[in-house]
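Structure at a glance
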Amino acid sequence: MSMDWEALLIPYKQAVDELKIKFRGMREQFEKSNQHCPIEFVTGRVKPIKSIVNKAYQKNIPDQHLETEIQDLAGLRIMCQFTDDIKTVINLLRQRNDFTIVEERDYITHKKPSGYRSYHIVIEYPVQVLDGEKKILVEVQVRTLAMNFWATIEHSMNYKYQGQIPEDIRQRLQRAAEAANRLDEEMSQIKGEIQEAQLVFLERNDKSNETNLGS
Ligand SMILES: Nc1nc2c(ncn2[C@@H]2O[C@H](COP(=O)(O)OP(=O)(O)OP(=O)(O)O)[C@@H](O)[C@H]2O)c(=O)[nH]1
Ligand SMILES: Nc1ncnc2c1ncn2[C@@H]1O[C@H](COP(=O)(O)OP(=O)(O)OP(=O)(O)O)[C@@H](O)[C@H]1O
């Protein structure tokens, strides 16, 4: 019998929707408290069916093992301004009690051969479905804006060349990854200055909103 993808993916879609709201809520709480916000923006997606079928085929995963062996059927991405923010976000996620972390992969200390950097965690997230609770795996990638920029471009190159990026472009991408890393280091060094400027900007916006509401 063929797979009912729609039914299989319902809890994954629900998890992505719920976690997007929760992680964006963390951002709002930081903003309201006038502290530097370690979260710049959050995205999420359910893995496209074509991509699931492809990955299952490549890795020889039988249908009945899809949900345990493909850990990114539901995926969230948290983007941060500074490399240090990633640690802050991970610590915040470790403290939560609405899910448990089952795996951590640190591709920042140990970048991938492609040049890819990000911090990945896999969580077990309970979703309420019609017949009770279902615990599912969700992949959360935490990265800086520079890491995200690089990964987004590299992902489309991989797509274009179907995983067979020509050697010269591969090397250029590795150099671009190093440049992105240097950008992160440089921004971290002037972090104090940047954060001060951003707080002044936020306060000014708050004040002008108050004035507009009052008039
Ligand atoms: N652009 C880009 N993204 C990557 C790269 N490596 C990993 N990723 C992202 O990270 C996800 C896989 O995370 P991993 O922690 O490597 O998972 P894995 O199970 O070890 O490897 P996969 O079998 O590829 O899922 C991918 O689905 C991508 O979203 C890379 O070299 N380039
Ligand atoms: N954890 C995630 N959060 C948000 N978006 C993601 C996440 N993982 C992948 N994406 C994005 O979802 C889209 C489709 O991703 P897809 O799963 O096909 O790619 P992939 O993650 O590279 O897959 P694979 O691991 O199978 O190679 C891409 O734009 C990808 O960047």
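Residues numbered from 1 in each chain as written. Chains lettered and ligands numbered in written order. Predicted model: local features only at pLDDT ≥ 70, side-chain atom pairs only at ≥ 80, totals over all residues. Heavy atoms only, no water.

K55, K59, R105, K112 and S114 are the nearest of the 15 residues found near ligand 1. Contacts to ligand 1 include S114, whose side-chain N or O atom sits 2.7 Å from an oxygen atom. Taking A151, its main chain carries an N or O atom lying 3.1 Å from a nitrogen atom of ligand 1. Protein burial of ligand 1: of its 610 Å² of free accessible surface, 73% is covered by the chains. More than half of the atoms belonging to ligand 1 lie within 2 Å of the grid points that define the largest pocket. (Near = heavy atom within 4 Å. Polar contact = N/O pair within 3.5 Å; in protein donor to acceptor, adjacent residues only side chain to side chain. Areas by Shrake-Rupley, 256 points an atom, 1.4 Å probe, with all protein chains shown as cover. 1 Å grid on protein atoms, 1.4 Å probe; cavity = no way out; pocket = protein on both sides within 12 Å on 5 of 7 lines; lining within 4 Å. Sits in = over half its atoms within 2 Å of the grid points.)

A separate point is the environment of K111. With respect to the helices and strands, the residue K111 is situated in the loop between β3 (100-106) and β4 (119-129). You can call K111 partly exposed: its relative accessible area is 47%. On a C-alpha basis, the gap between K111 and Q29 in space is 31 Å, while along the polypeptide they are 82 residues apart. Among all residues touching K111, those that are not within four sequence positions of it are Y116 and R117. (Helix = DSSP H or I, 4+ residues; strand = E, 2+ residues; numbered from the N terminus. Buried < 20%, exposed > 50% of the residue type's maximum accessible area, 1.4 Å probe, protein only. Contact = heavy atoms within 4.5 Å.)

The next point concerns the nonpolar core. If you look at the biggest cluster of nonpolar residues, it comprises 38 residues, and the most contacted ones within it are F23, L93, V138, V140 and V142. When residues of this core are traced back to their parent elements, those giving at least two are α1 (5-32), α2 (49-58), β2 (74-80), α4 (83-95), β4 and β5 (132-144). In terms of residue count, the dominant contributor to this core is α1 (ten residues). Other than its neighbours up to four places away in sequence, F23 contacts I39, V42, L76, I78, L93, F99 and V140. (Core = buried A, V, L, I, M, F, W, Y, C linked by side-chain atoms within 4.5 Å.)

Not every positive phi belongs to a glycine, and N60 is a case in point at roughly 60°. Within the element layout of this structure, N60 appears in the loop between α2 and α3 (66-69). Unlike most non-glycine residues, Q162 shows phi in positive territory, near 45°. Looking at the element boundaries, Q162 is found in the loop between α5 (145-160) and α6 (167-189).

Just geometry here; none of it tells us what the structure is for.
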